Amino acid sequence: MNRTQPGTYILLPASPLFIAFSFLVAFLLNLQPWGRIIGMPDFVALCLVFWGIHQPRRVGMGTAFCMGLLMDVNNAVLLGENALAYVLLSYFVITIHRRVLWFPVRKQALHVLPLLLISQLIQMFVQFVVNDRFTGWFYLLDSFVAAVLWPVVTVILLAPQRRAADKDPDRPL
């Protein structure tokens, strides 16, 4: 069996502590001063998409809402702006999670891109309605950068779940 092909390994169950740790790291990355630079992806949204695809029963719309409220407080925006965008993002991700897993990681990025774009468009719409300001189309560049980072995020977040390459001949799995 060729170990370099996708789908030739068995994943261990995801640890709830690792999921929480990944959200903490994503939130801390969004707290950094470079988070306001155009082209810097929303790491919390990227983490929500990843866990929504790989663990939809553990990470759902409740987690998305809580993380959205944290990001609202962090960004000092209208309370619920990011929460709304993240909940809708989580809903759409959970809706297509089985379909996305059929594709290789690079093609998964093509499925992730529209989801992240929709999330950012929702945020832009809310900012336009509430503040009567248009953030500009360059704001959407963040989603394209996040889609390019999707293979890297997938490798990093799946690493603790991969089984060892050396199988024990006495075990069935």
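Described below are features of the structure shown in this document.

Basis of the calculations
- Residues numbered from 1 in each chain as written.
- Predicted model: local features only at pLDDT ≥ 70, side-chain atom pairs only at ≥ 80, totals over all residues.
- Heavy atoms only, no water.
- Helix = DSSP H or I, 4+ residues; strand = E, 2+ residues; numbered from the N terminus.
- Buried < 20%, exposed > 50% of the residue type's maximum accessible area, 1.4 Å probe, protein only.
- Contact = heavy atoms within 4.5 Å.
- Areas by Shrake-Rupley, 256 points an atom, 1.4 Å probe, with all protein chains shown as cover.
- Patch = residues over 30% accessible without salt bridge, like charges linked within 9 Å, V, L, I, M, F, W, Y side chains within 5 Å.
- Salt bridge = Lys/Arg side-chain N within 4 Å of Asp/Glu carboxyl O.
- Core = buried A, V, L, I, M, F, W, Y, C linked by side-chain atoms within 4.5 Å.
- Phe/Tyr/Trp six-rings, centres within 6.5 Å; stacked < 30°, edge-to-face > 60°.
- Axes fitted to C-alpha atoms, helices over the stretch in contact; angles between N-to-C directions.
- Parallel < 35°, antiparallel > 145°, perpendicular 65-115°, else oblique.
- Left-handed = near helix turned anticlockwise from the far one by under 90°.
- Nonpolar A, V, L, I, M, F, W, Y, C, P; charged D, E, K, R; others polar.

Concerning the overall build of the chain
Okay, so step 1: In terms of regular secondary structure, the chain is built from six helices and zero strands.
Okay, so step 2: Going through the 173 residues of the chain one by one, you find that 40% of them count as buried.
Okay, so step 3: Restricting the contact set of the chain to residue pairs at least 6 apart, pairs at least 24 apart contribute 67%.
Okay, so step 4: Summing over all exposed atoms, the chain offers an accessible surface of approximately 10,400 Å²; the carbon and sulfur share of this is 69%.

As for a nonpolar patch on the surface
Okay, so step 1: The grouping of Leu-78, Leu-121, Phe-125, Phe-128, Val-129, Val-130, Phe-134 and Trp-137 at the surface amounts to a nonpolar patch, some 850 Å² of accessible area in total.
Okay, so step 2: Looking at the element boundaries, Phe-134 is found in the loop between helix H5 (105-131) and helix H6 (141-158).

A short note on the nonpolar core
Okay, so step 1: One finds Phe-23, Val-44, Val-49, Trp-51, Tyr-86, Leu-116 and Trp-150 to be the most contacted residues of the largest nonpolar core, which totals 34 residues.
Okay, so step 2: Looking at this core, the elements that each hand over two or more residues are helix H1 (16-31), helix H2 (43-54), helix H3 (61-75), helix H4 (81-100), H5 and H6.
Okay, so step 3: Broken down by element, the residue count for this core peaks at ten residues, all from H2.
Okay, so step 4: Other than its neighbours up to four places away in sequence, Val-44 contacts Phe-23, Ala-26, Phe-27, Asn-30, Met-67, Met-71 and Tyr-86.
Okay, so step 5: Ranked by size, the runner-up nonpolar core spans six residues in total, among them Leu-113, Leu-117, Met-124 and Ala-147.

Concerning the side chain of Gln-123
Okay, so step 1: In this fold, Gln-123 is placed in helix H5.
Okay, so step 2: The exposure class assigned to Gln-123 is buried, which follows from its relative accessible area of 4%.
Okay, so step 3: For Gln-123, the contacting residues outside a window of four places in its chain are Glu-81, Asn-82, Ala-85, Tyr-86 and Tyr-139.

A closer look at the packing of aromatic side chains
Okay, so step 1: Taken as a whole and assessed by the stated rule, the structure comprises five aromatic pairs.
Okay, so step 2: Ring geometry for Phe-18 and Trp-51: centres 6.1 Å apart, planes at 80°, overall edge-to-face. Here Trp-51 lies in helix H2 and Phe-18 lies in helix H1, a separation of 33 residues in the sequence.
Okay, so step 3: Exposure remark for Trp-51: the relative accessible area of 0% places this residue in the buried category.

Looking at the side chain of His-54
Okay, so step 1: Looking at the secondary structure, you find His-54 in helix H2.
Okay, so step 2: The exposure class assigned to His-54 is buried, which follows from its relative accessible area of 18%.
Okay, so step 3: When neighbours within four sequence positions are excluded, His-54 is seen to be in contact with Leu-101 and Leu-158.

A few points about the packing of H1 against H3
Okay, so step 1: Closest axis-to-axis distance for the H1/H3 pair is 11 Å, and the angle between their directions is 25°. Taken together, the axis directions place H1 and H3 in an arrangement best described as roughly parallel. For the crossing formed where H1 meets H3, the hand is right-handed. Contacts between H1 and H3 involve Phe-23, Phe-27, Asn-30 and Leu-31 from the former and Thr-63, Met-67, Leu-70, Met-71 and Asn-74 from the latter.
Okay, so step 2: Among the residues making up the contact of H1 with H3, the classes are represented as six nonpolar, three polar and no charged.

Some thoughts on the environment of Trp-51
Okay, so step 1: For the pair Trp-51 and Val-93, spaced 42 residues apart in sequence, the C-alpha to C-alpha distance is 9.2 Å.
Okay, so step 2: For Trp-51, the residues in contact, after removing those within four places along its chain, are Ala-14, Phe-18, Ile-19, Ser-22, Phe-23, Pro-56, Val-59, Leu-157 and Gln-161.

Quick word on the packing of H3 against H4
Okay, so step 1: Viewed as axis vectors pointing N to C, H3 and H4 meet at an angle of 150°, and their least axial separation amounts to 7 Å. The pairing of H3 with H4 is recorded here as roughly antiparallel in orientation. Judged by the sense of rotation from one axis to the other, the crossing of H3 with H4 is right-handed. Between H3, through Met-61, Ala-64, Phe-65, Met-67, Gly-68, Leu-69, Met-71, Asp-72 and Asn-75, and H4, the contact on the second element is made entirely by Glu-81, Asn-82, Ala-83, Tyr-86, Val-87, Ser-90 and Tyr-91.
Okay, so step 2: Within the contact of H3 with H4, the residues separate by chemical class into ten nonpolar, four polar and two charged.

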